[in-house]
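# Examining the three-dimensional arrangement
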2 protein chains.
Amino acid sequence: MTDKKNKDSSNLSHPFRGTGGKPSLPQGTRDFGPDVVRKRQYILNTIKSVFELYGFQPLETPAMENLETLMGKYGEEGDKLIFKILNNGLDNPSKEQQVREEFEKVLQGRNTKAITERALKYDLTIPFARYVAMNHNQLTFPFKRYQIQPVWRADRPQKGRYREFYQCDADVVGSNSLINEVELTNIYNDAFRRLGINNYELRINSRKILQALAEVSGGVDKMIDITIAIDKLDKIGIEKVKEELSGKGLTTDQIGVIENYLNINGSNEEKLTAIKKLFADSSTAKQGIEQIEFVVNQTPNSHPDSYRDQTPNLIIDFTLARGLNYYTGIIFEVKAPAEIKIGSIGGGGRYDDLTGLFGVPNIPGVGISFGVDRIYDVMDELKLFPNAIEVGTQVLFFNLGAEESKTAYDLLQQLRQKGIASEIYHEPTKFDKQFKYAEKKNIPFAIIIGSKEIETKTCVIKDLRSGEQRSVAFESLPEFSFV
Amino acid sequence: MTDKKNKDSSNLSHPFRGTGGKPSLPQGTRDFGPDVVRKRQYILNTIKSVFELYGFQPLETPAMENLETLMGKYGEEGDKLIFKILNNGLDNPSKEQQVREEFEKVLQGRNTKAITERALKYDLTIPFARYVAMNHNQLTFPFKRYQIQPVWRADRPQKGRYREFYQCDADVVGSNSLINEVELTNIYNDAFRRLGINNYELRINSRKILQALAEVSGGVDKMIDITIAIDKLDKIGIEKVKEELSGKGLTTDQIGVIENYLNINGSNEEKLTAIKKLFADSSTAKQGIEQIEFVVNQTPNSHPDSYRDQTPNLIIDFTLARGLNYYTGIIFEVKAPAEIKIGSIGGGGRYDDLTGLFGVPNIPGVGISFGVDRIYDVMDELKLFPNAIEVGTQVLFFNLGAEESKTAYDLLQQLRQKGIASEIYHEPTKFDKQFKYAEKKNIPFAIIIGSKEIETKTCVIKDLRSGEQRSVAFESLPEFSFV
C-alpha cells in the first residue's frame, strides 16, 4: 500500500492535479464579458437605487455556509441540489483511517462531517434568516434589507437555467403591517419603469383566499394538494388540473367550486365583487380580501392616477398560488410583458416566521425578488438598454512615436482629470491598426498628435462616427465637449 | 447493509441533514452588514471609476472553475488550499461501487473525478487567463480588463486573513509596451488619492535587475534562492538574509555584492546612479534600469509636478523582490501610509506569458491588484470614509394612524420621485418608538402629519440632529431642501 502510493505520487505529485490543455467552463456557469457586465450592472444598479430610495439597506453574506445551516430547508429535492464543499486535507495520510470511516457513512446514507461541512448558498433567504437570527439583538426592526448576490444550484443546466446565478431580493422583517406589501408593489413599479419595462404585470393574491378555497372544497388538509394543482394551471390547463384534483380525492362538487373560483375574471373590482360573493360566509376569505383591497387601494399602479400613466400593472389573480408553502399572506408574481414569452420575472410574498428554524421565533416578514437573468433577456429583446452604457472609453489618443506620445500622455491625463475616459494606443504603429482598435472598442473620438501638431500646439480631433475632424489648441482640449 | 441503511434513513432522511439550532458562520467568512457594505462599495466604486477612466473593461468569471483549470497553478501548497466541490449524487446507491473505487484513489493520493470535478476560484488571474485562452479570437488586443470578485482559500483563518475575500485586479494583456506600466502606476495614484490615501508608497523594481544581481553573485540558477531571501528582508533583517544565502551555497564575496546592492538608498535619482555604477557591465541590468527610468520619468507622482502635490509616491526599491516567480519585468508593491502598520495594500508586475498554460502562447501582460480588506482597514483607521455614505434614508414620515398614513404615503411617494430616500414608519405607535427608529437608522429628518396637519394641508418637518422644526405646505414639500 505504501509502495503503491509512492509509485503513484511519482507520476502525479498531487491527487487532484489537472491535465492542462484546452480549458473550459463548468456546465451551467458563464463568463460575463465587458458588454454583458455593463448591461447587468445597469439592471442591478437601477434596482438597487430603488431599494435605497425606499429605505432598504444592503446586506452581503458569504458564498459558503455551514452545511447544517442549509440542509433540510429546501425539501428533499433541494438538499440534493446544494453544492457541498469537500473538506480540505482529505488526502492527508495521517487522516486516512478517519476519512475512510466517514466516507463509509456517506455511502451508507448517513450524516458525515469528515467529508463536507460547508456548502454554497442555495438562495438568499436562508442566509438572511441565519443572519437575522445571529444578529437580532443588534438590528433595528422592522429590518429592511436588500441583497444582490450569486447563488448555486446543482440543477441540470438548460436554456435559461444556470448552476450559478444572481438573486436580487428585498425583505422587510419584524413587521406585520400591510404597508410593507404596498411598499414592495411600489418598488416593483418604480424599478420596472426605470428599466423601461412599462407593461409588466404584477399579479397578486393572498394565501388566505387559497386557504378559504381549501376550507370549502375538501378541507384545510387538502390545501397543499389544491395549491400545487392550481399552480400548474398555466402549464397544463383546467382539465388536467381537475384530473389531478380528482386523483387527490376531491369530489365533483368540490372540484366544481374550484372551477368556479378559477373562472373569476374581469377588472380588479369585478374580481373582488365575485370573490366576495363566492366566499360570503368565510372569515378566512374575508381576511385575504381585506389584505388585497388594502394593497390595491394604496398602490397607484393599480388604477389610473395623476402621477402615473394609465396602464394598471397591479392585477388581482386568484389563480396565483406560488408553490412555496411557507407563504402565509399576500403573494406576488411578476410577468414579463405579454409580447415576450418568458414567464415570471419576479415574485414573493409574506411569511409568518423567518428565523424560527434557527431558534429565534416570531419574526414575520414579507419579501420580493427580481429575476435578473430573465429581466436581462426581456430588456435585450425589447432593446431597452441605453446606448450610453455600451461606451467605455470616449477618446483614443493615437500613438505616433516616443516623443509624440509623451505630449499626448500629458493631455490624456488632463482629460482624465476632467472625468473623460481616455486611452493612448500602446505603441506607435500604422493608423489603420489604431483606427481598428478604436472601432472595435466602440470609441467615438480619436486625437492625433504628430510633430506638426506639437510645433503648433494643436491637436486633431476626429469624430469616428461622422468622420468629421477639427483642430483644437492643446490648452483648450480639456474644455472640449466630447459628445 | 440494506437493513442498516434503512434503519439509519428512518432517523435521518438524508446523509447531510443538519441538526438545526443556533446558527454560525464558517470559519474565516464574514457577513457584511449595511454600514460595512456601504463603505466597501465606496472603495470598490472609486477604484472601478478609475479603471473605467483608463479604458479598462469589466469582466466577471464564475465562482466555480473546473478543478483541472486551477490545479497545479499555485504550487503544491496552493493546490492544498483550493476549496474543492463535492460532486453531487454521491449518496446515490446505484453509484456506490464507482464512488467507492474513486474514493479509494483519493486516499491513495491519486487523481479522481468521481469525487470532485469543480473548485472555487483561488485568485482572479488564472480564471482571467482561462477566459483569454478561450476567447482570444474574439478579443481586441491589447485587452484591458478589470475584475472585482471574491476568491476562496482554505488558509488557516487569522486576523486580517479570510477564507473568502475580494480581489480587485486590473491587467493589460497582449502588449509589451511600458506605457502600460505607466498607466498602472497612474491608476494606483488616482485611486488612492480619490480615496484620500495620499501618502501611500508605490515601490517599484524590475526582475531584470534581480536577474542581473543573480548573474554577478552566484549565477542565474540561484535567482529564485536570492529573490526568496531578499523578499524576507523586511521581516527577518539583513543578517538572517545573509545566513540564508550562505546556506544556499553563496560565497562571502557573492553575499558581499548582494549586501552592497541591498544598501543602495537615497532619492530615486541617487539610487539609479548607484545601480548603474554597481552593474556597469551588465546588459541585463541595463534593460531593467531602462524600464524603471521609463516609468519614473513618465509618471507625475514620481516627482514634484504642476498638477500633483509635492509628495513623491513612486519610490524605486531595489530590495523589492515579490515572491511570485512568474514576474519577468517591472514589479510593484504598494505600502500603506507609514503611520499604519499594515504592510502591503497592493502589488503586481509584468509577466511574459499569461495563457501558455492553456495552450495559447505569446500573450504577455502586466497587472496590478488592490488589497481591498486592508485598504478598508487603513481608511477606517484614518477616518477617510465620507460621512455621507453612512446615511441611507433621508426622511422618515411618522405614522399617526390609518387616515394620516394614507396622506403621508402620497407625499412620501412624491419625495421619492424627487430622488429623496424616504420611509414611513410601518405602524401607528408612540412617538418615542418612531424617534428611536429614526435615530438608530441615522435618519436626519422626520415629517409629522396628524389630523390638524391634514386640515391645514401642512406638515411638520423636524431636523432630528438640531431639534429644529418648521411647518411646510404639502404642495411645497417636494421642493423642500433636505440637507
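If you're wondering where the values come from, they're calculated on a predicted model, not measured in any experiment.

### A word on the overall build of chain A
Counting its secondary structure elements, chain A contains 17 helices and 16 strands. Within chain A, buried positions represent 57% of all 483 residues. Pairs at least 24 apart in sequence give 68% of the contacts found in chain A among residues at least 6 apart. As presented, chain A carries roughly 20500 Å² of accessible surface, and 47% of it is formed by carbon and sulfur atoms.

### Focus: the sheet that holds strand β10 (residues 344-351) of chain B
Residues and elements named next belong to chain B. The strand order across the open sheet built from eight strands is β1-β5-β6-β11-β10-β9-β7-β8, with neighbouring strands paired in mixed fashion. What marks the edges here is a single partner per strand, and that holds for β1 (57-58) and β8 (314-316). When strand β6 (residues 164-173) meets strand β11 (residues 365-370), the two strands line up antiparallel, connected through six bridges. Following the sheet pairing, valine 172 is matched in β11 by valine 366. Against the sheet, helix α6 (residues 125-135) engages β5 (143-152), β6 and β10, with an angle of about 135° to β5.

### Notes on the side chain of lysine 84 of chain B
Summarising the element assignment, lysine 84 of chain B is placed in strand β3 (residues 84-86). Within the structure, lysine 84 of chain B has its side chain in polar contact with the backbone oxygen of aspartate 79 of chain B (distance 2.9 Å).

### Topic: helix α8 (residues 207-216) of chain A
All names here are of chain A. All of the buried residues in α8 are Arg207, Ile209, Leu210, Ala212, Leu213 and Ala214. If you follow the buried residues of α8, they end up packed against β7 (201-206), α9 (223-231), α11 (252-262), α12 (268-278), α13 (283-298) and β9 (327-335). Sitting at the amino-terminal end of α8 is serine 206, which places a side-chain oxygen 3.0 Å from the backbone nitrogen of lysine 208.

### Examining the packing of aromatic side chains
All names here are of chain A. Counted under the stated rule, the structure contains 46 aromatic pairs over all chains. Arranged with centres 6.0 Å apart and planes meeting at 45°, the rings of tyrosine 261 and phenylalanine 318 form a pair that is tilted. Remark: phenylalanine 318 occurs in the loop between β8 (314-316) and β9 and tyrosine 261 occurs in helix α11; sequence separation between them is 57 residues. Of the residues examined, tyrosine 261 reaches a relative accessible area of 0% and is grouped as buried. Centre to centre, the rings of phenylalanine 431 and phenylalanine 435 are 6.2 Å apart; their planes meet at 70°, and the pair counts as edge-to-face.

### Thoughts on the pairing of strand β15 (residues 458-463) of chain B
Residue and element names in this part refer to chain B. Within β15, five of the six residues are buried, which leaves it mostly tucked inside the rest of the structure. Where β15 and strand β16 (residues 469-473) come together, five bridges link them in antiparallel fashion. Bridging across to β16, lysine 462 finds its partner in glutamine 469. The hairpin turn running from β15 into β16, its antiparallel successor, is five residues long, and glycine 467 in that turn takes a positive phi close to 85°.

### Brief notes about the packing of helix α2 (residues 34-53) of chain A against helix α7 (residues 179-195) of chain A
Residues and elements named next belong to chain A. Relative to each other, α2 and α7 sit at 145°, their axes nearing to 9 Å. Between α2 and α7 lies a crossing whose hand is right-handed. Contact residues: α2 offers Tyr42, Ile43, Thr46, Ile47, Ser49, Val50, Phe51 and Leu53, while α7 offers Ile187, Asp190, Ala191, Arg194 and Leu195. Looking at the contact of α2 with α7, its residues break down into nine nonpolar, two polar and two charged.

### Structural notes on α12 of chain A
Residue and element names in this part refer to chain A. Where α12 is concerned, the buried positions are Asn268, Lys271, Leu272 and Ile275. Down the axis, α12 shows its buried residues gathered within 100° of arc, on one side only. Facing away from the buried side of α12 by more than 90 degrees, the exposed set consists of Glu269, Thr273 and Lys277. Elements that come into contact with the buried residues of α12 comprise α8, α11, α13 and β8.

### With respect to the side chain of histidine 426 of chain B
With respect to the secondary-structure elements, histidine 426 of chain B resides in the loop between β13 (422-424) and α16 (431-440). Of note is the side chain of histidine 426 of chain B, whose polar atom sits 2.5 Å from the side chain of serine 175 of chain A. Once you skip the residues sitting within four places of it in the chain, histidine 426 of chain B turns out to touch Pro142, Gly174, Ser175, Ser177, Ile179 and Asn180 of chain A together with Asn399 of chain B.

### Re the environment of alanine 63 of chain B
Structurally, alanine 63 of chain B is set in the loop between β1 and β2 (64-66). Its relative accessible area of 3% is what places alanine 63 of chain B among the buried residues. Residues in contact with alanine 63 of chain B, not counting those within four places in the same chain, are Trp152 and Glu164 of chain A together with Ala119, Leu120, Lys121 and Trp152 of chain B.

### Describing the environment of valine 460 of chain B
All names here are of chain B. With respect to the helices and strands, valine 460 occurs in strand β15. Taking relative accessible area as the criterion, valine 460 reaches 12% and is therefore assigned buried. In this structure, the C-alpha to C-alpha distance between valine 460 and isoleucine 449, residues 11 residues apart in sequence, is 6.7 Å. Among all residues touching valine 460, those that are not within four sequence positions of it are Ala446, Ile447, Ile448, Glu453, Gln469, Arg470 and Ser471.

### Structural notes on the domain arrangement of chain A
Assigned domains within chain A: domain 1 (34-381) and domain 2 (392-479). In this structure, domain 1 of chain A and domain 2 of chain A have C-alpha centres spaced 51 Å apart.

### Description of the packing of α8 of chain A against α11 of chain A
Residues and elements named next belong to chain A. For the pair α8 and α11, the least separation of the axes is 9 Å and the interaxial angle reads 150°. In terms of orientation, α8 and α11 fall into the roughly antiparallel class. As α8 packs across α11, the resulting crossing turns out to be right-handed. For the pair α8 and α11, the contacting residues are Ile209, Leu210, Leu213 and Val216 in the first and Val257, Ile258 and Tyr261 in the second. Considering only residue class, the contact of α8 with α11 consists of seven nonpolar, no polar and no charged.

### Here we look at the sheet that holds strand β14 (residues 445-448) of chain B
All names here are of chain B. An order of β13-β12-β14-β15-β16 is seen for the five strands of this open sheet, with the pairing classed as mixed. Bordering the open sheet on either side are β13 and β16, each of which pairs with just one other strand. Sheet twist, expressed as the average angle between the axes of neighbouring strands with direction ignored, equals 25°. Lying over the sheet, α16 contacts β12 (395-397), β13, β14 and β15, oriented at roughly 160° with respect to β12.

### Things to note about the pairing of β7 of chain A
Residues and elements named next belong to chain A. Most of β7 sits out of view: five of its six residues are buried. By the bridge criterion, six bridges tie β7 to β9 in an arrangement that is antiparallel. Following the sheet pairing, isoleucine 204 is matched in β9 by phenylalanine 332. In the sheet, β7 pairs with β8 via three bridges, with the strands oriented parallel. Of the residues in β8, the one forming a bridge with isoleucine 204 is isoleucine 316.

### Concerning unusual backbone geometry
At the junction of phenylalanine 141 of chain A and proline 142 of chain A, the peptide bond is cis and its omega measures out at -5° in the coordinates. Mapped onto the secondary structure, proline 142 of chain A falls in the loop between α6 (125-135) and β5 (143-152). Its identity as a non-glycine residue notwithstanding, lysine 383 of chain A has a phi of 50°, on the positive side. Here lysine 383 of chain A shows up in the loop between α14 (372-381) and β12 (395-397). A positive phi angle is found at asparagine 362 of chain B, which is not glycine, with a value near 65°.

Here is what the cut-offs are and how they apply
Residues numbered from 1 in each chain as written. Chains lettered and ligands numbered in written order. Predicted model: local features only at pLDDT ≥ 70, side-chain atom pairs only at ≥ 80, totals over all residues. Heavy atoms only, no water. Helix = DSSP H or I, 4+ residues; strand = E, 2+ residues; numbered from the N terminus. Buried < 20%, exposed > 50% of the residue type's maximum accessible area, 1.4 Å probe, protein only. Contact = heavy atoms within 4.5 Å. Areas by Shrake-Rupley, 256 points an atom, 1.4 Å probe, with all protein chains shown as cover. Pairing = 2+ DSSP bridges. Axes fitted to C-alpha atoms, helices over the stretch in contact; angles between N-to-C directions. Polar contact = N/O pair within 3.5 Å; in protein donor to acceptor, adjacent residues only side chain to side chain. Phe/Tyr/Trp six-rings, centres within 6.5 Å; stacked < 30°, edge-to-face > 60°. Left-handed = near helix turned anticlockwise from the far one by under 90°. Nonpolar A, V, L, I, M, F, W, Y, C, P; charged D, E, K, R; others polar. Arc of directions from axis to C-beta. Domains from an automatic or database assignment. Parallel < 35°, antiparallel > 145°, perpendicular 65-115°, else oblique.

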